[in-house]
Amino acid sequence: MESLSQENRKFNPNPQFVKQAKIAGMDAYKELYQKSIEKPLEFWSDVANELHWFKPWDKVLDESNAPFYQWYTNAKTNISYNCLDRQVEAGKGDKVAFFWEGEPGDKKAFTYKELLDEVCRFSNALKSLGVKKGDRIALYLPMIPELIFAVLACARIGAVHSVIFAGFSSESIRDRVEDCQARMVITADGGYRRGKILELKKIVDEGVSNCSSISEVLVIKRGGEVAIDCPMTEGRDFYYDVISEDCSSVCPPEEMDSEDLLFLLYTSGTTGKPKGIMHTTAGYQVFSYITSKYVFDLNDEDVYWCTADVGWITGHTYIVYGILQNGATQVIYEGAPNHPEPDRFWNIIEDYKVTTFYTAPTAIRAFMKWGDHWLEGKDLSSLRLLGTVGEPINPEAWMWYHEKIGASKCPIVDTWWQTETGGHLLTPIPGAIPTKPGCATVPFFGIEPLVLNEEGETVDVGILAIKHPWPGMLRGIYGDQQRYIDTYWSKWNGRHYFPGDGARVDEDGYYWILGRVDDVVNVSGHRIGTAELESIFVEHESIAEAAVIGIKHDIKGQGLLAFATVIQGKSADEALEKDLIQLVDKRIGKFARPEKIIFSSDLPKTRSGKIMRRLLRSIADGDDLGNITTLADPSVVDEIQKQFN
Ligand code: PRX
C-alpha cells in the first residue's frame, strides 16, 4: 500500500501507438466518455448496432425491477453467431481465429470458417445426446481447442455452460454440478501441466458418481504421444470423437432472448459456499465486444495472446467471447509458463509474433524471480501492447514489465474488473490515457466509479462503488437472488453496486485499487473466501476453531495463513498439518493451500466471542497491536506471537 501511495511516475502513450489507435488522445477519450455518461442509452444502442441481431430491442435498459436490471429487452441474438458467422460473412473465413500450442509442443490452427464448422459439429453432437436450450452443462477441460468449441457450441444451441477450472477437486465439481443441476459434464481423458498428465476424467468420475442430475459425461481425447487411461461408464459416458463422427458441420444458431442465461461461473464470496454468477446473453455480448475492441485496440494485423485459463472469467471474456467478436487472431497455450524452461512465454511471443500480451501480475513476479537471463536473445519486438489483470500490480513489477517486456514503448493496460462485472470497468485506454505504475487509472465508457465511506459519502480513500448499471453486469446468483441483493446492493441501500474492493482517487482523478475490503483473499489472482477454508478446517475431527487471513506474498500477491485450535486431547503436530492440507486439496484444490497453519490453545476473541481477524493480521505483519486488554484472554496473543519469532 505504501509503495502505491508514494508512486508518482507517469507515462504518456507512445506517439507511434496513438497515431493508429482507435481512441487517439485524451480529448477523444473524454468526448466519448462524456457521451457515454450523459446519453448512456444512445451510447449503448450505438455500440450494440455494431453487432448482429435477429430482432432489435424494445428498450436499451429496463430499470423497473432494480437491482434486476435488464438490457436490450426482447431482442433476439446469438453470441456464437457474432463470434463466428458474422466474421465469415464479413470475409474473414480464411483468417486464423486461433493458433493453439499444447504444452508438449503439439500445434494446431483454426480459421474462422474452420472454427465455425467445429462449433457446429460440436453443437450437433450435443443435440444428438439430447441437450436442449436451458440445460446446464459443466465443462472440466484443459486448455485445448475443444474447450473453445464446447463453450461456443453451448452458446449456439442455448445451453448454459458452467466452466470449472481444471485445478478444482472432484468435490468442487460435485458442489457446482449439484448447485446448478447440470445434466452433462464435458471433460477430457487428460491434459498437460508442467510435463505431467492430469487425469481429468478420473477426477470427474469421483465428483459426479452420486450426482443424480448428470445423465451424460462427454469425453474428449486430448491426443498426443501417450494414451491416457480412461475408465468409461456404460450408458453414461461417450467419447466425443465417436459421437461427432457423423455430425454435420452446419447448425443454425438458436435465437436467444437478450436476458436468456448464457453462462454460470462460480466464484468465492464471504461465506463458505461459492456463488454461481449469472451472465445473460445480450448485455454480456455487447460489453465483452466493446471492452475488447477499445482496451486492446484490436486491429486486423494483431496477434493477441491472453495467458488466462478459460476456467476463469478472463478466459470467458478475453479469450472466447470478446476477442472472437472482434474477428481477431489469437494464440492459445495449454500449459505452464516455465515448461520446459522459464522462457516458454517469450518463445511463444517470438514464434507467433504476438502483438498484444495480457497476463497476470503473479506471472510477471515469477518471471522477475526466475531472472532476466531467460530473456536474452529473445525477439519481442512484435509486441505493441501489454496488459495485466486479476490483482493489484506492484510498481516494481509494472516497471519490469514495461522495460524488459515492452521495451519501454508498449502501453500497459492495468485492467480492474471481476467475474461479476463481465468485463473491464477501470482501465487505461492505451492510445489515450497516460499510465502510472500500479494504477488501473480511469473508468471505461459508461462506467461511473465513486469512492465512498460506509455512510455513502464521497472520500479520497475508501470503498469503491459503481454508480449506474452497465450491460455486462451479473444478473444474479443462481438459485439465491436474495444473496445477490445482500452482497452487491445492500451497502448503500441499493443506490450503487458494491464490488468489495478498497480504492483511492488521486489528484488526476485516477483510481488506485487497494485490495479487497471483505473476507476474500486474492491468491495469484484466484479468489478464495477465507470462510470457505475455515469451514473445511473445522470439518476435521481434531479442530475446534479456525481463522484464515490473507498475508502479503512476494510472488502470489497474497497468500493464506491459517490459525487453528485443537480439540482437547488431540495433538497439534506435523501429521495434523498434513491432514488439513490434504483436506484443502480434496475439498477445493491445491491452489487454495495455506502457506502455513499455526496451532494455538485459543484464538484472540472479543468478550462477546468474536474472533479478531484484524489482530491476527497485525500479528502476522509484525505491527503494533494497540490495546489488547479488551480481549477475553489476552495471553493467547503471546502464545501466537511466539510462533512468528
Ligand atoms: O480485488 C479485485 C481483483 O480481483 C477481484 C476479482 O476477482 P475475479 O472475480 O476472480 O476476477 C479476476 C479477473 C477479472 C477484484 O475484486 N482485481 C482484478 N483485477 C485487478 C484487481 N485488483 C487490482 N487491480 C486489478 N487490475
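For the structure itself, consult the block above.
The shown structure was predicted, so the numbers you read here are calculated from the model rather than taken from an experiment. (Residues numbered from 1 in each chain as written. Predicted model: local features only at pLDDT ≥ 70, side-chain atom pairs only at ≥ 80, totals over all residues. Heavy atoms only, no water.)

**Some points on the overall build of the protein chain**
Logical step 1: When its secondary structure is counted, the protein chain shows 20 helices and 30 strands.
Logical step 2: What you see for the protein chain is a C-alpha radius of gyration of 24 Å, in line with the 26 Å of a compact globule of 645 residues.
Logical step 3: Projected onto the principal axes, the alpha-carbon positions of the protein chain cover approximately 75 × 65 × 60 Å.
Logical step 4: Here the protein chain holds 645 residues, and 62% of them are scored as buried.
Logical step 5: Surface exposure of the protein chain reaches about 24,800 Å², of which carbon and sulfur atoms provide 48%.
Logical step 6: Side chains of the protein chain carry 69 positive and 93 negative charges; the gap between the two charge centres is 1 Å. (Helix = DSSP H or I, 4+ residues; strand = E, 2+ residues; numbered from the N terminus. Rg over C-alpha atoms; globule rule 2.2 N^0.38 Å. Buried < 20%, exposed > 50% of the residue type's maximum accessible area, 1.4 Å probe, protein only. Areas by Shrake-Rupley, 256 points an atom, 1.4 Å probe, with all protein chains shown as cover. Lys, Arg positive; Asp, Glu negative; His and termini not counted. Charge placed at Lys NZ, Arg CZ, Asp CG, Glu CD.)

**Focus on the pattern of salt bridges**
Logical step 1: Tallied over the full model, the rule gives 50 salt bridges.
Logical step 2: Measuring nitrogen to oxygen at the nearest pair gives 2.8 Å for the salt bridge that ties Asp 205 to Lys 201. Note that Asp 205 and Lys 201 are positioned in helix α9 (residues 200-208) at a spacing of 4 residues, about one turn of the helix. Accessibility classification places Asp 205 together with Lys 201 in one group, the buried group.
Logical step 3: A salt bridge links Arg 516 to Asp 518; the shortest N-O distance between them is 2.6 Å.
Logical step 4: Salt bridges sharing partners connect three or more residues here, namely Glu 171, Arg 174, Asp 175, Glu 539, Lys 586 and Arg 587. (Salt bridge = Lys/Arg side-chain N within 4 Å of Asp/Glu carboxyl O.)

**So, helix α19 (residues 613-621)**
Logical step 1: For α19, the set of buried residues is Leu 615, Leu 616, Ser 618 and Ile 619. For α19, the angular spread of buried residues about the axis comes to 160 degrees, placing them on one side.
Logical step 2: Packed against the buried residues of α19 are β28 (543-553), β29 (557-566) and α20 (635-642).
Logical step 3: Positioned one or two residues after α19, Gly 622 has a phi angle of 70 degrees, which is positive. (Arc of directions from axis to C-beta. Contact = heavy atoms within 4.5 Å.)

**Re a negative patch on the surface**
Logical step 1: A grouping of Glu 541, Asp 573, Glu 574 and Asp 579 is seen on the molecular surface, where their side chains present a negatively charged patch.
Logical step 2: Within the element layout of this structure, Glu 574 appears in helix α18 (residues 574-587). (Patch = residues over 30% accessible without salt bridge, like charges linked within 9 Å, V, L, I, M, F, W, Y side chains within 5 Å.)

**Description of the packing of helix α11 (residues 281-295) against helix α12 (residues 313-325)**
Logical step 1: Orientation of α11 relative to α12, taken along the N-to-C sense of each, is 85 degrees, at an axis distance of 8 Å. Here α12 runs roughly perpendicular to α11, going by the angle between their axes. Of the residues in α12, those touching α11 at Tyr 284, Gln 285, Ser 288, Tyr 289, Thr 291 and Ser 292 are His 316, Thr 317, Tyr 318, Tyr 321, Gly 322, Ile 323 and Gln 325.
Logical step 2: Broken down by class, the residue content of the contact of α11 with α12 amounts to 5 nonpolar, 8 polar and no charged. (Axes fitted to C-alpha atoms, helices over the stretch in contact; angles between N-to-C directions. Parallel < 35°, antiparallel > 145°, perpendicular 65-115°, else oblique. Nonpolar A, V, L, I, M, F, W, Y, C, P; charged D, E, K, R; others polar.)

**Side note on the packing of aromatic side chains**
Logical step 1: Scanning the entire structure with this criterion turns up 51 aromatic pairs.
Logical step 2: Centroid distance Phe 11 to Trp 398: 5.3 Å. Interplanar angle 35 degrees. Geometry classified as tilted. In this pair, Phe 11 sits in the loop between α1 (2-5) and α2 (15-20) while Trp 398 sits in helix α15 (residues 395-405), placing the two residues 387 residues apart along the sequence.
Logical step 3: Phe 11 sits in the partly exposed class, given a relative accessible area of 22%.
Logical step 4: Taken together through their ring pairs, the aromatic side chains of Tyr 29, Tyr 33, Phe 43, Trp 44, Trp 53, Trp 57, Trp 71, Tyr 72, Phe 287, Tyr 294, Phe 444 and Phe 445 make up a single cluster.
Logical step 5: Looking at Lys 10, its charged tip hangs above the ring of Tyr 510, at a distance of 5.9 Å from the centre.
Logical step 6: We note Lys 436 situated over the ring of Tyr 510; from NZ or CZ to the ring centre the distance is 4.5 Å. (Phe/Tyr/Trp six-rings, centres within 6.5 Å; stacked < 30°, edge-to-face > 60°. Lys NZ or Arg CZ within 6 Å of the ring centre and 35° of its normal.)

**Concerning the site of the ligand**
Logical step 1: In the region of the ligand, 17 residues are neighbours, and Thr 415, Thr 419, Asp 501, Arg 516 and Arg 527 sit closest.
Logical step 2: Glu 391 is positioned with one of its backbone polar atoms (N or O) 3.4 Å from a nitrogen atom of the ligand.
Logical step 3: In this structure, a nitrogen atom belonging to the ligand sits 2.7 Å away from a main-chain N or O atom of Thr 415.
Logical step 4: Protein coverage of the free-state accessible area of the ligand, which is 540 Å², stands at 96%.
Logical step 5: Mapped by element, the contributors of at least two residues to the shell around the ligand are α12, β20 (412-415) and β25 (511-516). (Near = heavy atom within 4 Å. Polar contact = N/O pair within 3.5 Å; in protein donor to acceptor, adjacent residues only side chain to side chain.)

**Here's the deal with the nonpolar core**
Logical step 1: By size, the foremost hydrophobic cluster in this structure holds 121 residues, and its most contacted members are Ile 186 and Tyr 321.
Logical step 2: Ranked by residue count, the leading element in this core is helix α7 (residues 145-157), at 10 residues.
Logical step 3: Tyr 321 has contacts with Ile 79, Cys 83, Val 151, Leu 152, Ala 155, His 161, Leu 262, Phe 263, Tyr 284, Ser 288 and His 316, leaving out every residue within four places of it along the chain.
Logical step 4: One finds Ala 182, Val 523, Ala 592 and Phe 599 within the second-largest nonpolar core, a separate group that totals 48 residues. (Core = buried A, V, L, I, M, F, W, Y, C linked by side-chain atoms within 4.5 Å.)

**Considering the packing of α7 against α12**
Logical step 1: For the pair α7 and α12, the least separation of the axes is 11 Å and the interaxial angle reads 65 degrees. Here α7 lies roughly perpendicular to α12, going by the angle between them. The crossing of α7 and α12 is right-handed. Contacts between α7 and α12 involve Ile 148, Val 151, Leu 152 and Ala 155 from the first element and Ile 319, Val 320, Tyr 321 and Leu 324 from the second.
Logical step 2: Of the residues assigned to the contact of α7 with α12, the class counts are 8 nonpolar, no polar and no charged. (Left-handed = near helix turned anticlockwise from the far one by under 90°.)

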